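Now for the letters of each chain:
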Amino acid sequence: MRTDDFVHALAVDRTPSHASTGRQFAVALAIGFAVSALAFWWTLGPRPDIATAAMTVRFDFKITEALLLAATAIALALRLAQPGAATAAQKWVLCLAPVLLAVAVIAELVVVPASQWPIRLVGSMSVMCLTAIPLLSLPLLAAMLLALRRSAPTRRTAAGAVAGLVAGGLAAALYGTQCIDDSPLFVATWYTLSIGMVAGLGAVLGRRVLYW
Amino acid sequence: MSERDMKWADMMRAANRGDAESYERLLRQIAAALRPVVRRGLARAGRSGADIEDIVQEVLLAVHLKRHTWDDARPIEPWIHAIARYKVIDALRRRDGNFDLPIEDFAETLAAEEETPRLSSGEAERHLARLPEGQRAVVSAIAVEGAAIAEVAVRLNMSVGAVRVALHRGLAALARHLGDN
């Protein structure tokens, strides 16, 4: 096939390609979050004392932290979806949530007596946390991978892992409204582990399914 | 941003507004700029230049099918470099196993002088044969024989819309097949 003729075929194919990457992401996140939120409502639902909990610093921090991780991961995923887009600034911004969490852990260690540390760290629902966050993240991860597939990630493993951070972060924000363990010690251990599992799954899947 | 980047970005924006001529010119210029890059990649992999046109066509197809991922407020050359690098490495890995290319190769050689096309070794044709009958007939009439959409519609007794759909689906399927082997 001569490249000239091939180019002609491409030029006459006026069928618009997909919507812009930003719009793909918006739709994917809206649908993924709706499904995850419904599943959460059906199975767990927010804790009964959520109104009082929302007035405590630890609860608010937990939810904010999860949303911050998701938002900064979305910014990086958008860049990874577009070939040749610079990612350095977004990578630095992605460090915000972990740094903030580290600060909160130190603050908690200062404020709370050492005898309380193991109790706060182990919490009461760690297994639930490790199960619920990955499960709730699945619809979000699927939607994100689909949106990424329609774009053009040149680093598939990284893009998949960041999609996992988005999904895990949003799922953690949902689950966090049910979870009664609010200490940063608990969050830094079990939430991080849960979200890390989702990121790992995203990396493995991304490598395989984000091929284009 | 280089002068050529501005020119190419203008052409792509015109293409997105429906200017097919400008789009065709742009793709030809990209093809000409890609040839030395692909040649160098093949040389590094210790291969002859016989596959150049196949790989160039694969990159062009990716540029075409992924054109919605270019943000038209940004420079276009880095976007093309990244797609070309991804596709060239992919094509070489499929042929030779593990292979990597330094990214600088693209920045340099995309700016180098252009080269004239040669016939492809026919990889795309082999993959064309795997498309469903309708798509294969449309894509080969347009891409191999250079026929116009309206002409193909009359010849295959299809509506113009159906020809367009078959062409688009055929090209997308071709891209998937090229990545398969």
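Definitions and cut-offs
Residues numbered from 1 in each chain as written. Chains lettered and ligands numbered in written order. Predicted model: local features only at pLDDT ≥ 70, side-chain atom pairs only at ≥ 80, totals over all residues. Heavy atoms only, no water. Helix = DSSP H or I, 4+ residues; strand = E, 2+ residues; numbered from the N terminus. Buried < 20%, exposed > 50% of the residue type's maximum accessible area, 1.4 Å probe, protein only. Polar contact = N/O pair within 3.5 Å; in protein donor to acceptor, adjacent residues only side chain to side chain. Domains from an automatic or database assignment. Contact = heavy atoms within 4.5 Å. Buried area = accessible area lost by both parts, 1.4 Å probe. Axes fitted to C-alpha atoms, helices over the stretch in contact; angles between N-to-C directions. Parallel < 35°, antiparallel > 145°, perpendicular 65-115°, else oblique. Left-handed = near helix turned anticlockwise from the far one by under 90°. Nonpolar A, V, L, I, M, F, W, Y, C, P; charged D, E, K, R; others polar. Disulfide = S-S within 2.5 Å. Core = buried A, V, L, I, M, F, W, Y, C linked by side-chain atoms within 4.5 Å. Phe/Tyr/Trp six-rings, centres within 6.5 Å; stacked < 30°, edge-to-face > 60°. Lys NZ or Arg CZ within 6 Å of the ring centre and 35° of its normal. Salt bridge = Lys/Arg side-chain N within 4 Å of Asp/Glu carboxyl O. Patch = residues over 30% accessible without salt bridge, like charges linked within 9 Å, V, L, I, M, F, W, Y side chains within 5 Å. Areas by Shrake-Rupley, 256 points an atom, 1.4 Å probe, with all protein chains shown as cover.

A. View of the side chain of Glu-108 of chain A. All names here are of chain A. Along the chain, Glu-108 turns up in helix α6 (residues 96–111). With relative accessibility at 4%, the residue Glu-108 sits in the buried group. A distance of 2.7 Å separates polar atoms of two side chains, one belonging to Glu-108 and the other to Ser-183.

B. Main features of the domain arrangement of chain B. Residue and element names in this part refer to chain B. Split into domains, chain B comes out as domain 1 (1–117) and domain 2 (119–181). Between domain 1 and domain 2, the residue contacts involve 11 residues of the former and 14 residues of the latter. Counting the surface lost from both domain 1 and domain 2, the interface buries some 1000 Å², and carbon and sulfur atoms represent 56% of this. The three residues of domain 1 that bury the most area against domain 2 are Asp-54, Leu-61 and Arg-94, which together make up 45% of that side's buried surface. One can count zero residue pairs in polar contact (both at pLDDT 80 or more) joining domain 1 with domain 2. Counting residues per element, the ones that place at least two in the side of domain 1 that touches domain 2 are α3 (52–65) and α4 (77–96). Counting residues per element, the side of domain 1 that touches domain 2 draws most heavily on α3, which supplies seven residues.

C. Region of the structure containing the packing of helix α2 (residues 20–44) of chain B against α3 of chain B. Residue and element names in this part refer to chain B. Viewed as axis vectors pointing N to C, α2 and α3 meet at an angle of 135°, and their least axial separation amounts to 9 Å. Accordingly, the angle class assigned to the pair α2 and α3 is oblique. For the element pair α2 and α3, the recorded crossing hand is right-handed. Counted together, Tyr-23, Leu-27, Ile-30, Ala-31, Leu-34, Arg-35, Val-38, Arg-39 and Leu-42 of α2 and Ile-52, Glu-53, Ile-55, Val-56, Val-59, Leu-60, Val-63 and His-64 of α3 form the full contact between these two elements. Residue composition of the contact of α2 with α3, by class: 13 nonpolar, one polar and three charged.

D. Up close: the state of the cysteines. Residue and element names in this part refer to chain A. Inspection of the entire model under this criterion finds zero disulfides over all chains. Cysteine Cys-129 shares no disulfide, and the gap to the nearest cysteine sulfur, in Cys-179, comes to 5.8 Å. Taking the relative accessible area as the measure of exposure, Cys-129 reaches 0% and is therefore buried.

E. Examining the nonpolar core more closely. In this structure, Met-12, Leu-60 and Ile-142 of chain B are the most contacted members of the largest nonpolar core, which totals 61 residues. Two domains each provide a minimum of three residues to this core, namely domain 1 (1–117) and domain 2 (119–181) of chain B. When neighbours within four sequence positions are excluded, Met-12 of chain B is seen to be in contact with Tyr-23, Leu-26, Val-63, Arg-67, Trp-70, Ile-76 and Trp-79 of chain B. Listed in part, the 50 residues of the second largest apolar core include Ala-37, Leu-76, Ala-147 and Ala-167 of chain A.

F. Structural context of the packing of aromatic side chains. For the coordinates displayed, the defined rule picks out five aromatic pairs over all chains. Ring geometry for Phe-40 of chain A versus Trp-41 of chain A: centroids 6.2 Å apart, planes at 80°, classification edge-to-face. When the centroid spacing of 4.4 Å and the interplanar angle of 15° are considered together, the rings of Trp-212 of chain A and Tyr-86 of chain B count as stacked. Separated into two different chains, Trp-212 of chain A in the segment after α10 (184–209) and Tyr-86 of chain B in helix α4 make up a pair that spans both. A network of ring pairs unites the aromatic residues Tyr-175, Phe-186, Trp-190 and Tyr-191 of chain A as a single cluster. Directly above the aromatic system of Trp-8 of chain B lies the positively charged group of Arg-4 of chain B, at a separation of 4.3 Å from the ring centroid.

G. Representation of the interface of chain B and chain A in the model. With 49 residues of chain B at the interface, the matching set in chain A holds 37 residues. Together chain B and chain A conceal approximately 3700 Å² of surface at their shared face, both sides included; 57% is due to carbon and sulfur atoms. Put simply, chain B and chain A have one salt bridge between them. Asp-4 of chain A serves as the salt-bridge partner of Arg-28 of chain B, at 2.6 Å between the closest nitrogen and oxygen. Mapped by element, the contributors of at least two residues to the side of chain B that touches chain A are α2, α3, α4, α6 (123–128), α7 (133–144) and α9 (160–180) of chain B.

H. Up close: helix α1 (residues 3–12) of chain A. Within α1 of chain A, nine of the 10 residues are buried, which leaves the element mostly enclosed by the surrounding structure. Buried within α1 of chain A we find Thr-3, Asp-5, Phe-6, Val-7, His-8, Ala-9, Leu-10, Ala-11 and Val-12 of chain A. The secondary structure elements touched by the buried residues of α1 of chain A are α2, α3, α7, α8 (149–155) and α9 of chain B.

I. Seen up close, the pattern of salt bridges. Across all of its chains, the model carries 16 salt bridges over all chains by this definition. Across the pair Asp-5 of chain A and Arg-2 of chain A runs a salt bridge, and its minimum N-O distance is 3.4 Å. Exposure remark for Arg-2 of chain A: the relative accessible area of 42% places this residue in the partly exposed category. The shortest N-O distance in the salt bridge between Arg-155 of chain B and Glu-151 of chain B comes to 3.9 Å. Placement of both Arg-155 of chain B and Glu-151 of chain B in helix α8 is noted, with a separation of four residues, approximately one turn of the helix. When salt bridges with common partners are traced through the structure, they connect Arg-2, Asp-4 and Asp-5 of chain A together with Glu-24 and Arg-28 of chain B into a single cluster.

J. Quick peek at a nonpolar patch on the surface. Residues and elements named next belong to chain A. There is a patch of nonpolar side chains on the surface, built from Leu-135, Leu-138, Leu-201, Leu-205 and Val-209 and spanning about 380 Å² of accessible area. Broken down by secondary-structure element, the contributors of at least two residues to the nonpolar patch are α8 (126–150) and α10. Of all the elements, α10 adds the most residues to the nonpolar patch, at three residues. Along the polypeptide, Val-209 turns up in helix α10.

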